[in-house]
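Fold and geometry: a report
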Amino acid sequence: MEDRGIKTKMELKVAILIFAVTILSTVLVTEHLIRKFKKKGYVVKDMYKKNKPKIPTMGGLAIMSGLMISLVASQLLLEEIDLGRLLLLYFIVIVYGTFGLLDDLIDIGRKMKVIAPFFMALPIALVVTDTSIAFGFTTLEIGLFALYITSPIYIMVVSNLLNMHEGYNGLGTGVSILLMLFIGAKLILVGDADLLPYLFPILAVAIAFMYYNRYPSVIFLGNSGTLLLGSAVGALLVFFNMELFGVVILLPHIVNFLLWCLWVVLMKLWPEKYPHIKWAKLREDKTIEAPNWLTIKYIVAKLFRVKEWQAILICYFITFVFGVVGLVWF
């Protein structure tokens, strides 16, 4: 028992060290990239500010850099996890981030955005060990179908769900952090706390990046960041065999997607009444004037006369509520 206690303390020290290295490296990389992006003109307008300042984008590159440094530290310091599985898991995440970065730079086209993400998620088949899905008191074994069809599709869908729920300063990063914290809490509740090191690299990077991406943002995620964080959430849920738990905590994102589908239909049927609008307007008092009720972030602005930072907090709260529901009821 004494040896086990010493071992646990050592593992905790190693985890804290990796967290510290990851956060420090992400901060340094992000600071550097903010300066470089400003100099090179990789900036976009912040549409929910009165003067619409130009803010550096493609923050996913900073997240990828911090993540790779974290993985190197994990290889050097961690002994209690399967490093091969760890690297394969985050290979998927980095590929998604690279794909998003290409889209930021050259706009790779709608067809590629639909087809490529499925194939990018296929390596998950090499790390999934449980191919069954639990339904209450029964389990359904789906074998190779889970490995090569449902698991990659799950990652692809979750990545896009989080990408579609972006739009306010720090919304995508903050929601992703909350989701990952609930995944970690679920691991602890089911007695799998020893798997937490698989979650630590992306969680530490996201927390560090949030310092710069929070309201008011000094750098945006870009597609590189939203797809990377979304794929990380999806891959972790599959990796930990938490797909149904993921459905519960992602319900606001699923509703957001369904509302978007309705919007697409309405745009085709009544384009004058339901035009394609990417950004809401700002009133004189800096509150958001939402054009319709067809996304979660617009519903928040319709129900409450809110400024951007208030809308962000409400969106965080919605994710928090469903995270708690997932922990308590699933």
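We now turn to the structure provided with this report. Note that the coordinates shown come from a computational prediction; the quantities given were computed from them, not determined experimentally.

Turning our eyes to something else, we now look at the environment of tyrosine 154. Topologically, tyrosine 154 is positioned in helix H5 (residues 143-164). Separated by 75 residues in the primary sequence, tyrosine 154 and glutamate 79 place their C-alpha atoms 30 Å from one another. If near-sequence neighbours (up to four positions away) are discounted, tyrosine 154 is found in contact with Gly234, Leu237, Val238, Met242, Glu243, Gly246 and Val247.

Next up on the list: the pattern of salt bridges. All told, the structure shown has six salt bridges when counted by the stated rule. Measuring nitrogen to oxygen at the nearest pair gives 3.3 Å for the salt bridge that ties aspartate 103 to lysine 113. Of this pair, aspartate 103 sits in helix H3 (residues 83-106) while lysine 113 sits in helix H4 (residues 110-120), and the two are 10 residues apart along the sequence. Residue classification places aspartate 103 among the buried positions, given a relative accessible area of 8%. Residue class for lysine 113 comes out partly exposed when judged on its relative accessible area of 33%. Two residues, arginine 305 and aspartate 285, come together in a salt bridge whose shortest N-O distance is 3.2 Å. Placement of the pair is arginine 305 in the loop between helix H11 (296-303) and helix H12 (308-329) and aspartate 285 in the loop between strand E5 (281-282) and strand E6 (288-289), with a sequence separation of 20 residues. By relative accessible area, arginine 305 is classed as exposed at 54%. With relative accessibility at 33%, the residue aspartate 285 sits in the partly exposed group.

The rules behind each value
- Residues numbered from 1 in each chain as written.
- Predicted model: local features only at pLDDT ≥ 70, side-chain atom pairs only at ≥ 80, totals over all residues.
- Heavy atoms only, no water.
- Helix = DSSP H or I, 4+ residues; strand = E, 2+ residues; numbered from the N terminus.
- Contact = heavy atoms within 4.5 Å.
- Salt bridge = Lys/Arg side-chain N within 4 Å of Asp/Glu carboxyl O.
- Buried < 20%, exposed > 50% of the residue type's maximum accessible area, 1.4 Å probe, protein only.

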